[in-house]
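What follows is each chain in one-letter form.
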Number of protein chains: 2
Amino acid sequence: MPDALPHIVILGGGFGGLTAARSLVHAPARITLVDRHNHHLFQPLLYQVATAGLSAPSIAAPLRQILRHQRNVTVLMDEAIGIDLAQRQVQLHRERLDYDWLIVATGATHAYFGHDDWGPNAPGLKSLDDALAIRRRVLTAFERAEQEDDPSRRQAWLNFVVIGGGATGVELAGTLAEIARHTLSGEFRRAQPRTANILLVEAGPRVLAAFDPELSARAQRQLEHLGVQVRLGHAVTAVDQEGVALDGQHIAAHTVLWAAGVAASPLGRMLDTPLDRAGRVQVQADLSLPDHPEVFVLGDLASVQQDGRPVPGVAPAAKQMGQHIGRLLAARLRGDNRCLPFRYRDAGSLATIGRMAAVAQFGKLRLSGLPAWWIWLGAHIWFLIGFRNRLVVMLDWAMAYWTQERHARIITGTDKRADHE
Amino acid sequence: MPDALPHIVILGGGFGGLTAARSLVHAPARITLVDRHNHHLFQPLLYQVATAGLSAPSIAAPLRQILRHQRNVTVLMDEAIGIDLAQRQVQLHRERLDYDWLIVATGATHAYFGHDDWGPNAPGLKSLDDALAIRRRVLTAFERAEQEDDPSRRQAWLNFVVIGGGATGVELAGTLAEIARHTLSGEFRRAQPRTANILLVEAGPRVLAAFDPELSARAQRQLEHLGVQVRLGHAVTAVDQEGVALDGQHIAAHTVLWAAGVAASPLGRMLDTPLDRAGRVQVQADLSLPDHPEVFVLGDLASVQQDGRPVPGVAPAAKQMGQHIGRLLAARLRGDNRCLPFRYRDAGSLATIGRMAAVAQFGKLRLSGLPAWWIWLGAHIWFLIGFRNRLVVMLDWAMAYWTQERHARIITGTDKRADHE
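- Looking at an unreviewed UniProt entry, chain A carries the name NADH:ubiquinone reductase (non-electrogenic), with the source organism given as Rhodanobacter hydrolyticus.
- Note on chain A: under the UniProt heading Catalytic activity (unreviewed entry), the record states "a quinone + NADH + H(+) = a quinol + NAD(+)".
- Turning to chain A, the UniProt annotation filed under Sequence similarities (unreviewed entry) states: "Belongs to the NADH dehydrogenase family."

Written out as structure tokens, the structure reads:
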């Protein structure tokens, strides 16, 4: 690839960055995609890795492999630590890149709203490493309960608190209830996994606030049917190794999971432009920066308003933004400098709760229970990258459905928390 | 289960310990199986996890799940840190167990023969965590090569040294060669994975010393055909972050893997009885301790001589010992105290080298190449625990065979070594 071609640097290989790279397949440009991981992650199924239903490689594919035939792309496993807008340079850990066009798609991470000390005791779920750490914690808790004679101390190992009633919190809580009631049933001789309490805490008035109130209510009923206790309108005020404080009440629980808040990637602060409250970059209608038409921001890092409402931080929105920027850059490279405003097309919302339990919302159509679950299943398998991954995930789910088993119940690494007990 | 029943404690859930537990399914006894991991590991395929061909859960199954229907077994995820033969007690991290019968099956770990400082730069392969650490190192090395401009520094990332020419070393070296030549081909834009050097170093006169000399020679030819350089009769004298010293010559290599030595579990030293050079316990003909007929040792931790030769430290031998002890204890529980000496039945030896390359030895029959590989494949899939694991491994291998892809090419965790570079 001659160096004379314009150089497009894409930071982040998630749904937005990867889609942008792929939609530039015919562009007369050199493209460099930088991600600190070697893989694209199918984040909507990350909770399944955390709850031992899927193995890590089933929901991840190496970025190099996805892009191996796209000869205009170079993939680097590295991380941007600085952006110089004036010089048009990105500083990585191991090298510095000059760019003609920059696409920043580094997404969001979980945030503790000023309580970073909660982190070690309430891990969040954004990367495969997070998921494997949560899996380790959850499975180890049942193991510790089996070896604890004192009833109240045993119960502290069997109490699970999930903070945050959005999609991730609902998925985690519903799946934990299934694990305790079905998967582990009959495998312990001293402790009773069925006596586990799964508590879902949401500070707002309902779970799945992005859905219609009616679907939120149905989701809550499905959760309760699975055995989850749902506590609405309550905020956690403290988290430590022994449990959480909830409106002055202390709940003893060694396993607390955080699904309450996300904050945009810190790269946003290097772009010299206004951010919203969550740290997202306020982009122009075409997703470029106000004073830098050569810099684009997309996905969870971008704050985009449409018809007076924010475009949601979901995978389809990030993909559509990636496509939009790809199309726009292809036009720019042809010398077409027209402004192409981004329009988000809402294809509907889906959230799963557990075995045969989900909610779905497509325009005016509202579904819950089994029909919604089938749609969720089909959509997630369909969008999984790679034929093999789809096949293995289908197989895993078919087996899990019939046997109520979860095949990835393997503890790797060490649970530091449990060692200190 | 009434406490009056005799208590059998089994330390270790590998092939030996698990087989012993299963063969006591009808015994009128309480059985406690202790393992520091929550899973039984199918160790013969561990190198496939290390080289990204299989995911960790594909070769591991939770011990609780395997034994869920065997109501006389309690599984504890814990570790023995002391054995009191006089009091008949085992001290674990979290509790103390009284036993009537003790089966010690804690196997072996890798050993550096007095060079423990080599460990961080030459990881060995015994657990899933080891395998995931090796996978991370190997995949990260190619990523670093892509970002290194200096040719000699780049080559140091593309040089791989495997120390030890036994089955594990041969499998690792052969698979690394395939990864460099086939799997990664076409995915890098700056570095050329094909220029990787895979060096297999063996201090003895031939690879696979447990096989016939003729099969060792065939294995070496197959390795060389795959692109591995085999260096026999040479010993590594130093290992550090920059590479290895081999007979005074320095070889620059950031990735060094250790497959040279194993040492028996340190529990052997607590048994107050003579050990052999490798730290294995010299047991009686029935696998019990000389002065303690209620204590048995089996598998890689036991030193057993038969017809003037040691019984090899392989999975079939450990399983046979587990069965033997199960049968013997069942007799003891019926009041039959006859001595039942253990006899090892050699079912043959198999070692794989790479795609369509293996060696096999059954009595007088010698096979190599494709026929040996098919037998190896069938045997390993057949003996994999759990229907699902078999199915997924078959699927993975069928896909890998046709596409030359390796689906588990996912880097999780952090490569500390690479961070220091």
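Next comes the rest of the account.
## A look at the sheet that holds strand E27 (residues 365-368) of chain B
Residues and elements named next belong to chain B.
Turning to step 1, where the next piece is worked out: If you walk across this open sheet you meet the 3 strands as E25-E26-E27, and the pairing is antiparallel. Strands with a single pairing partner mark the edges of an open sheet, and in this sheet they are strand E25 (349-354) and E27. Across the sheet, the mean angle from the axis of one strand to that of its neighbour is 5°, orientation sign disregarded.
Turning to step 2, where the next piece is worked out: Pairing geometry for E25 and strand E26 (residues 357-362), over 5 bridges, is antiparallel. Bridging from a neighbouring strand, Thr352 pairs with Ala358 of E26.

## Comments concerning the relation of the copies chain B and chain A
Turning to step 1, where the next piece is worked out: For the pair chain B and chain A, the best superposition has an RMSD of 0.0 Å and corresponds to a rotation of 180° with a translation of 0.0 Å parallel to the axis. Those values place the two copies in the arrangement expected of a two-fold rotation axis.
Turning to step 2, where the next piece is worked out: Most of the interface of chain B is mirrored in chain A, where 100% of its interface residues again form contacts.

## Comments concerning the UniProt feature "domain: FAD/NAD(P)-binding" (unreviewed entry) in chain A
Turning to step 1, where the next piece is worked out: The UniProt feature table records "domain: FAD/NAD(P)-binding" (unreviewed entry) at residues 7-322 of chain A.
Turning to step 2, where the next piece is worked out: The annotated region residues 7-322 of chain A carries 27% helix and 29% strand content, and the separation between its end C-alpha atoms amounts to 17 Å.

## Overview of a nonpolar patch on the surface
Turning to step 1, where the next piece is worked out: Taken together, Met356, Leu370 and Trp374 of chain B make up a surface patch of nonpolar side chains, about 300 Å² in accessible area.
Turning to step 2, where the next piece is worked out: Looking at where Met356 of chain B falls in the secondary structure, it is placed in the loop between E25 and E26.

## Concerning the interface of chain B and chain A
Turning to step 1, where the next piece is worked out: Taken together, the contacts link 55 residues of chain B with 55 residues of chain A.
Turning to step 2, where the next piece is worked out: Between chain B and chain A, the buried area comes to about 4,900 Å², and carbon and sulfur atoms account for 51% of it.
Turning to step 3, where the next piece is worked out: Our enumeration of links across chain B and chain A arrives at 6 salt bridges.
Turning to step 4, where the next piece is worked out: Residues Glu95 of chain B and Arg190 of chain A are paired through a salt bridge, measuring 3.0 Å at the closest nitrogen-oxygen approach.
Turning to step 5, where the next piece is worked out: Put simply, chain B and chain A have 33 residue pairs in polar contact (both at pLDDT 80 or more) between them.
Turning to step 6, where the next piece is worked out: Elements with a contribution of two residues or more to the side of chain B that touches chain A: strand E4 (60-62), helix H3 (63-66), strand E5 (73-77), helix H4 (128-146), helix H6 (167-183) and helix H10 (387-403) of chain B.
Turning to step 7, where the next piece is worked out: When residues of the side of chain B that touches chain A are assigned to their parent elements, the largest contribution, 9 residues, is made by H4 of chain B.
Turning to step 8, where the next piece is worked out: A breakdown of the residues in the side of chain B that touches chain A according to their chemical character gives 22 nonpolar, 15 polar and 18 charged.

## Description of unusual backbone geometry
Turning to step 1, where the next piece is worked out: Phi angles above zero are rare outside glycine, and Asp307 of chain A is one such case at about 55°.
Turning to step 2, where the next piece is worked out: When you line up the elements, Asp307 of chain A lands in the loop between strand E23 (305-306) and strand E24 (309-310).
Turning to step 3, where the next piece is worked out: Judged by relative accessible area, Asp307 of chain A falls into the exposed class, the value being 62%.
Turning to step 4, where the next piece is worked out: Residues other than glycine seldom take positive phi values, yet Asp272 of chain B does so here, at roughly 60°.

## Observations concerning the environment of Ala60 of chain A
Turning to step 1, where the next piece is worked out: Following the sequence through the fold, Ala60 of chain A ends up in strand E4 (residues 60-62).
Turning to step 2, where the next piece is worked out: Classification of Ala60 of chain A by relative accessible area gives buried; the value is 3%.
Turning to step 3, where the next piece is worked out: Residues Ala60 of chain A and Ala315 of chain A, 255 residues apart in the sequence, show an inter-C-alpha distance of 15 Å.
Turning to step 4, where the next piece is worked out: If sequence neighbours within four positions are ignored, Ala60 of chain A has contacts with His39, His40, Leu41, Leu128 and Asn389 of chain A together with Ile410 of chain B.

The rules we used
- Residues numbered from 1 in each chain as written.
- Chains lettered and ligands numbered in written order.
- Predicted model: local features only at pLDDT ≥ 70, side-chain atom pairs only at ≥ 80, totals over all residues.
- Heavy atoms only, no water.
- UniProt positions renumbered as here; feature names shortened; annotations may be inferred.
- Pairing = 2+ DSSP bridges.
- Helix = DSSP H or I, 4+ residues; strand = E, 2+ residues; numbered from the N terminus.
- Axes fitted to C-alpha atoms, helices over the stretch in contact; angles between N-to-C directions.
- Least-squares fit on C-alpha atoms with pLDDT ≥ 70 in both.
- Contact = heavy atoms within 4.5 Å.
- Patch = residues over 30% accessible without salt bridge, like charges linked within 9 Å, V, L, I, M, F, W, Y side chains within 5 Å.
- Areas by Shrake-Rupley, 256 points an atom, 1.4 Å probe, with all protein chains shown as cover.
- Salt bridge = Lys/Arg side-chain N within 4 Å of Asp/Glu carboxyl O.
- Buried area = accessible area lost by both parts, 1.4 Å probe.
- Polar contact = N/O pair within 3.5 Å; in protein donor to acceptor, adjacent residues only side chain to side chain.
- Nonpolar A, V, L, I, M, F, W, Y, C, P; charged D, E, K, R; others polar.
- Buried < 20%, exposed > 50% of the residue type's maximum accessible area, 1.4 Å probe, protein only.

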